[in-house]
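Commentary on secondary and tertiary structure
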Amino acid sequence: MKKLTLAALLFGAFSASAYAQSNVTIYGLVDAGLVRESGGAAGSVTKVTSGIGGQSRLGFRGVEDLGNGLQAVFTLENGFKADDGTMDNTTSALFNRQAYVGLKSKELGQLTLGRQYTMLYNALSKVADPFGAGYAGSTKNLFATAGANTRVSNALVYASPVVSGFSAELLYALGEQAGSNKAGRQIGLGLGYAQGPLNVTLAHNKRNQDTAAVGTTPAVIRDEAKNTLLAANYDFKVVKAYFGYAWNKGLNSSPLPVANAFGFRVAPVASTDSNDLVAGVNVPVGTGNLLASYSRKDDKTVRNQDADQWAVGYLYPLSKRTSTYVAYARIKNKNGAGYTVGNNNEAGSGDSAFNLGIRHAF
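Residues numbered from 1 in each chain as written. Predicted model: local features only at pLDDT ≥ 70, side-chain atom pairs only at ≥ 80, totals over all residues. Heavy atoms only, no water.

Moving on to empty space enclosed by the protein. Scanning all chains against the criterion turns up two cavities of 30 Å³ or more. What the largest cavity holds in volume is close to 40 Å³. Looking at the largest cavity, the residues that line it are Leu120, Leu124, Phe143, Ala144, Thr145, Asn227, Leu229, Ala246, Asn248 and Asp276. For the lining of the largest cavity, the secondary-structure elements that each account for two or more residues are helix H2 (119–128), strand E11 (225–235) and strand E12 (240–254). Considering only residue class, the lining of the largest cavity consists of six nonpolar, three polar and one charged. (1 Å grid on protein atoms, 1.4 Å probe; cavity = no way out; pocket = protein on both sides within 12 Å on 5 of 7 lines; lining within 4 Å. Points joined across faces, edges and corners; volume = space filled by probe spheres on them. Helix = DSSP H or I, 4+ residues; strand = E, 2+ residues; numbered from the N terminus. Nonpolar A, V, L, I, M, F, W, Y, C, P; charged D, E, K, R; others polar.)

Set out below in structure tokens:
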């Protein structure tokens, strides 16, 4: 009887130890507020919308200790709309934001496979933009980070260990088109340095847009979209300064989120050769933070369809997990350009927008 009891205690202790080596975290964000958009051909609109500062989401993140410094990791993340409870995409994807699994080692770095963020988007949203690619002041209104430049499926991502502040990331996404290993593939690279108050990242993204041959149908050859971004921020304590500069070349290197929001007789044309710039600040004011930025799209084609955006916002924390926000941005389009003021989740419908909302993280 004593032997059985001792065996049971030992088995229970071992099970508890094994369980402690693995954990799954449920996390999420609920973001909703009022949006007022003006200046579009359809007129002004006021609405309750979701994902203004950051897309509302529900996620699962797991880590298992495999021993010898090696861990198994995974993330599954779904986006939803807090205003009506629906999913934030029109496809059947359940985990449309992120879905990956991989291995992580302190000495060797991390390798993950699945649907993941590009280095280009991470550099813009986490390093260059004081608005974090959200609210009315989002740099996504002018910068080339829409669609496949934000996340990519069928991707392998390697992230190196951080050594004296230096790090590197490499992304390779398979096009998965029969008859061609090149058609539809995407390659990303990120080089970073973060030490003390300085954070700098150089990111590059190249997306092949060829369509492989199907049977006897010739392949459709299209230009590659190439985007390079230098992003930086520096924390002076009394103010945190942000900067970003991008080089965009090729078809769909600067896609227009809205085809012709202003009803021009000649619709705007997406640039195939452009530069983007953003400069901004995050200033502690009271218990909250004041955000401000200036962004510019410099179209290098003969159309010269440039645009400038000014933005200001204020974030006020109610607790560690809940905050309120207010933001406003306005775009000045030139020579028939058609850029709109949106937010993290929507492209927008006019050349100005006002946001007032609340977000809760869990």
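The biggest cluster of nonpolar side chains holds 18 residues, and the ones touching the most others in it are Tyr135, Ala136, Ile331, Tyr339 and Val341. Looking at this core, the elements that each hand over two or more residues are strand E15 (307–317) and strand E16 (322–333). With four residues, the single largest contributor to this core is E16. If we ignore the near neighbours within four places in the chain, the residues touching Tyr339 are Asn141, Leu142, Leu256, Phe262, Lys297, Gln305, Ala307, Ile331, Asn333 and Gly350. Ala123, Leu124, Val157 and Ala231 belong to the second largest nonpolar core, which has 17 residues in total. (Core = buried A, V, L, I, M, F, W, Y, C linked by side-chain atoms within 4.5 Å. Buried < 20%, exposed > 50% of the residue type's maximum accessible area, 1.4 Å probe, protein only. Contact = heavy atoms within 4.5 Å.)

Moving on, we come to the pattern of salt bridges. Going through the model one piece at a time under the given rule, you end up with nine salt bridges. Of the charged contacts in the structure, one is a salt bridge between Arg97 and Glu77, with a shortest N-O distance of 2.6 Å. Within this pair, whereas Arg97 is found in the loop between strand E4 (70–79) and strand E5 (98–105), its partner Glu77 is found in strand E4, the two being separated by 20 residues in sequence. For Arg97, a relative accessible area of 3% gives the class buried. Residue classification places Glu77 among the buried positions, given a relative accessible area of 2%. Here Lys297 makes a salt bridge to Asp276, at a shortest N to O gap of 2.8 Å. Here Lys297 is found in strand E14 (residues 288–299), whereas its partner Asp276 is found in strand E13 (residues 271–285), with 21 residues between them in sequence. In this structure, Lys297 and Asp276 share a single accessibility class: buried. One connected set of salt bridges, linked through shared partners, spans Arg296, Asp306, Asp308 and Lys334. (Salt bridge = Lys/Arg side-chain N within 4 Å of Asp/Glu carboxyl O.)

This next bit is on the pairing of E16. Sheet topology note: the E15/E16 ladder contains eleven bridges and is antiparallel. Pairing of Leu315 across the sheet is with Tyr325, part of E16. Hairpin remark: E15 followed by E16, antiparallel, with four residues in the connecting loop. Alignment of E16 against strand E17 (residues 352–361), held across nine bridges, turns out to be antiparallel. Opposite Thr322, over in E17, you have His360 as the bridge partner. (Pairing = 2+ DSSP bridges.)

Below, the discussion takes up the packing of aromatic side chains. This model, assessed by the stated rule, comprises seven aromatic pairs. Judged by centre distance (4.9 Å) and plane angle (65°), the rings of Tyr135 and Tyr325 are edge-to-face. With Tyr135 in the loop between H2 and strand E7 (151–159) and Tyr325 in strand E16, this pair connects stretches of sequence that are 190 residues apart. Each member of the pair, Tyr135 as well as Tyr325, carries the same accessibility label: buried. Ring centres 4.9 Å apart and planes at 75° place the aromatic pair Tyr245 and Trp247 in the edge-to-face group. A relative accessible area of 24% places Tyr245 in the partly exposed class. We classify Trp247 as partly exposed; its relative accessible area is 41%. The side chain of Arg61 reaches across the aromatic face of Tyr27, ending 4.0 Å from its centre. (Phe/Tyr/Trp six-rings, centres within 6.5 Å; stacked < 30°, edge-to-face > 60°. Lys NZ or Arg CZ within 6 Å of the ring centre and 35° of its normal.)

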